[in-house]
Amino acid sequence: VLSFAAKRILSILPILVGVSVVTFALLLVIPGDPVDSLLPPGTPPEVRQELRKELDLDGRADERYVAWVTHVVQGDFGTSTESGESAGTVLFRALGNTAILALAGILVAALLGVAAGMAMAWWSDRAFSKVINLAVIGNASIPQFWLGLLLLYVFAVQLRLLPIGGMGPIVGESNLATRLEYLLLPAVTVAALPFALIARLTRALFLELKSQEFVLALRTRGYSTFRIWRHLLRNAAPGIVNIVGLQAGYALLGTLFAEIVFSWPGMGTAIQRAIDARDYPVIQGFVLVSGVIFTGITVVVDLAMRSLDPRTEAA
Amino acid sequence: VNRLPRALGVLLVTGVVVALAVVSAASSAPARSAATVDPNATLTVAFPSDPVTRDPRITVATAHRDVVVQIFDGLVSKNWFGNRTGDNLKVVPALATSWTITNSGKVYTFQLRKGVRFHDGTPFNAAAVVFNFRTWLDRGFEFYYPRAAAANAAFNARSLIRNFRATGPYTFKVTLNRPFAGLLDRLAAASTTFMVSPAAIRQYGNTGIDAHPIGTGPFRFTSHNAGQAVVLTRNDRYFRGRAKVKTLVLRVITDENARAAALQAGQVQIAQGVGLRAARGWAGRSDVKLILGPRPLTYMCWLNVREGPLAKKGVREAINLAVNRQQINQLVFDGKTKAASGFFTPGMLSFDPKLPALGYNPTRARQLLAQAGYANGLNLKFEATTNSNEQEIYTVVQQNLKAIGVNLSVSYTTVGSFLSTQFLPGIKPGSGTDGVCLGSGAEEDSLFSLYTTKTYGWPEAGGYNPGRYHSAKLDGFVEKAFASSSEAGYVSNLRKANEQLVRDYALLWTVRDLNVYGVAANVSFTPAVRLRPSYYTAAVLK
């Protein structure tokens, strides 16, 4: 297992190198100059040049790339040209906030999605299943941005039950309960789309398993329906992990919308800002870290599936 | 025998009447105090973005200045407060109480305010001013800050200022190499010149001021939660008198609809920058109100006066006459703004309220086009930004121009790439671009020269005159304005320069922008006619 893990992890290195080269090249090509947002109109060209030098924007592209990679490997993402803060600080602060939201979203989506999927498979022949199915499809078709605004309007503006946005109270006491209040609406927004997909895929998975011979065998031996479903769940586990793992990536994307609607200070807002200001170190850091996360998720899913289902070793 | 009970009765009745009066007075007390200010209130403002820095010296973009204007002061200011119209603006004392300008506009001597302390308790005096100037002008200084120097590089501050020194504990003298009457204007408006506590710079270093912004202003910094909020507390010793709220919370809500929603939900008391569209549903509400005011920004396009059809003045005049500014006002600003009368707007020293707005005369426009040889119409290509209101405005302009036979195509890009590719480098010869449009404004009139003259404005000089308009007359007025040693001379010459610009139709002018705030019913707030708001005078009522 260890050598498999090592191989899998090593295999993502070329992907990351590719991602970093492409990002670096893109930033060279796209119009814009970080210096523009740092200088007032009427700045003499020599002052402009001075500042470019200070921000390490001069010099050959290949040399700058190598310098950047060398620093990143040592954990130094450079300095944000916009704020003068360490780019790593900007990056990991935003990433941490996004992670909280994405994890909460995927947790909600996984729990509700698997439950709904199983319910639809269990009662597949009843109208009830069709109702859930319709709700799930409807849910999947709602744009997340709009869903967020709708939730915000109903629960925060009209009913005034939940806060309008942010991660917690700005002044006053903040404990786990208040923090969960702030998390609820954005997490539901993030969960909506993955929930629908997880529910549909779980349903398909269970319907397929239900029709297999071993279920019939168990039934003839007089197993209770509940025990049979426990077996089904055990058999479905690798498939569910795979589905949820794949959705985790989408949940991360979904946070971008929820962050804007609910003023959640995560990656979505931070990267938008970095792009506006042409804050190269921050943009590069974000793309690289996102690459690590996305490939990281696939590796983790692969490893989890392997430990849940030894047959994947052969594949 | 009967007397006593009667007297008792009178007493009783009187007592009841008095008691009733007291009770009724007491019960009416809350109603009366509805108009009194709550001195311990917290005012929460929904803020469009988290400004990148709290260090005023590096706040180049006006969007970065939202927080620092609450914490810091300059040597001088303008009569922004309580000035609803912004059309009689003047430079007024702030940390300097008076000043003299001598030697034909080259020597400025400031008398500084006594008894002012920075938020850290250290005194403000001439030594503090010298310290601050050295951080952005003196390369040999231990606390020289290159980014602050870059932020103050407009007009080449380093070559402009010959020297500066304290000539007494509360006297500060600046000597220039050439006259520059825009200096006071700059010291009032540009937060890059605001006064930071020298003790704080010594203790935390230049880059530490972001986390420890210590000034003399109405609010002192309490905390910053990145991407979420800035919390400020009233400075009880503020030299203009203390602010009306105890705590000011600037809460970051980037989405415009979410800002409006936060106000409606009662979670903020002021929503800064809500769109008129979001506020259209508030008509019947008693808990929120819309406060509108002029904003020193005009939506305008610099025209390619070097080549193409717009090299002819008659065509430039024609398209200016074809634009129906009242229609733009109605459709985009609900009729609440005004047509432009040139570069200067309310909120700028040189704004002339008597100068007429640009006219609308499509018949004359058609004649002018025919005279210029375009009787069968022509095609024009403009570049603009995706900033709010611009797409709506130029859609109306397109329809207006269509009516006189001009086909205008407009491409929109985000402001970052627009500045880098279209505006700052100037219109490239042979690019086919006839105009570049940007809502532009300033709190500082000297910036006019960067947008319109050859010396300061052409792309090679780092300026903002992308159409490469040049008029020796206009440049002459600007030089005269800068060389004058009185505000009157400065203003009158800049006004003449503006009129020249309008006469030459160097730009296509549309309408002025608005400051739009959503405000809770229990909050009193008069927005200053500025690009960035100050919450110094805002109050929460009991």
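About the cut-offs
- Residues numbered from 1 in each chain as written.
- Chains lettered and ligands numbered in written order.
- Predicted model: local features only at pLDDT ≥ 70, side-chain atom pairs only at ≥ 80, totals over all residues.
- Heavy atoms only, no water.
- Helix = DSSP H or I, 4+ residues; strand = E, 2+ residues; numbered from the N terminus.
- Buried < 20%, exposed > 50% of the residue type's maximum accessible area, 1.4 Å probe, protein only.
- Areas by Shrake-Rupley, 256 points an atom, 1.4 Å probe, with all protein chains shown as cover.
- Patch = residues over 30% accessible without salt bridge, like charges linked within 9 Å, V, L, I, M, F, W, Y side chains within 5 Å.
- Salt bridge = Lys/Arg side-chain N within 4 Å of Asp/Glu carboxyl O.
- Pairing = 2+ DSSP bridges.
- Axes fitted to C-alpha atoms, helices over the stretch in contact; angles between N-to-C directions.
- Contact = heavy atoms within 4.5 Å.
- pLDDT = per-residue confidence, 0-100.
- Phe/Tyr/Trp six-rings, centres within 6.5 Å; stacked < 30°, edge-to-face > 60°.
- Lys NZ or Arg CZ within 6 Å of the ring centre and 35° of its normal.

Right, let's get into the overall build of chain B. Check the secondary structure of chain B and you find 17 helices and 18 strands. Overall, the C-alpha framework of chain B stretches about 115 × 60 × 40 Å when taken along its three principal axes. When burial is assessed residue by residue, chain B has 58% of its 542 residues classed as buried. Here chain B has roughly 20400 Å² of accessible surface; of this, 53% comes from carbon and sulfur atoms.

To continue, consider a nonpolar patch on the surface. Residues Trp146(A), Leu150(A), Tyr153(A), Val154(A), Leu159(A) and Leu161(A) make up a contiguous nonpolar surface patch of about 590 Å² in total accessible area. Mapped onto the elements, Tyr153(A) comes out in helix α6 (residues 144-158).

Residues and elements named next belong to chain B. Taken together, 10 strands build an open sheet; the order of strands is β8-β9-β10-β1-β11-β16-β12-β15-β13-β14 and the sheet is mixed. With one partner strand each, in any of the chains shown, β8 (219-225) and β14 (406-413) form the two edges of the open sheet. Ignoring which end each strand starts from, the neighbouring axes of this sheet average 25 degrees apart. Two strands pair when backbone bridges link them, and strand β13 (residues 378-385) and β14 are joined in this way by 8 bridges, in the parallel orientation. Residue Phe382 lies in a different strand from β14, and its bridge partner there is Val410. In the packing of helix α11 (residues 325-333) onto the sheet, contacts are made with β12 (288-303) and β16 (507-520), and the angle to β16 comes to roughly 30 degrees. Running over the sheet, helix α13 (residues 390-402) touches β12, β13, β14, β15 (435-441) and β16 and is turned about 165 degrees from β14.

So, on to the confidence of the model for chain B. Residue and element names in this part refer to chain B. Confidence in the prediction of chain B, expressed as mean pLDDT, is 90, and 94% of residues score 70 or more. Note on residues 22-33: pLDDT is under 50 here. Beyond four places in sequence and across chains, it has 2 contacts. Our summary of model confidence lists the complex with pTM equal to 0.85 and ipTM equal to 0.80.

In this structure the tally under the stated criterion is 35 aromatic pairs over all chains. With a centroid separation of 5.3 Å and 80 degrees between ring planes, the pair formed by Phe343(B) and Phe448(B) is classed as edge-to-face. Linking Phe343(B) in the loop between α11 and α12 (362-371) with Phe448(B) in helix α15 (residues 448-452), this pair joins segments that are 105 residues apart in sequence. Of the two residues, Phe343(B) and Phe448(B), both sit in the buried class. Sitting over the face of the ring of Tyr223(A), Arg227(A) holds its NZ or CZ atom 4.4 Å from the ring centroid. Over the ring of Trp458(B) we find Arg468(B), and its NZ or CZ is 5.4 Å from the ring centre.

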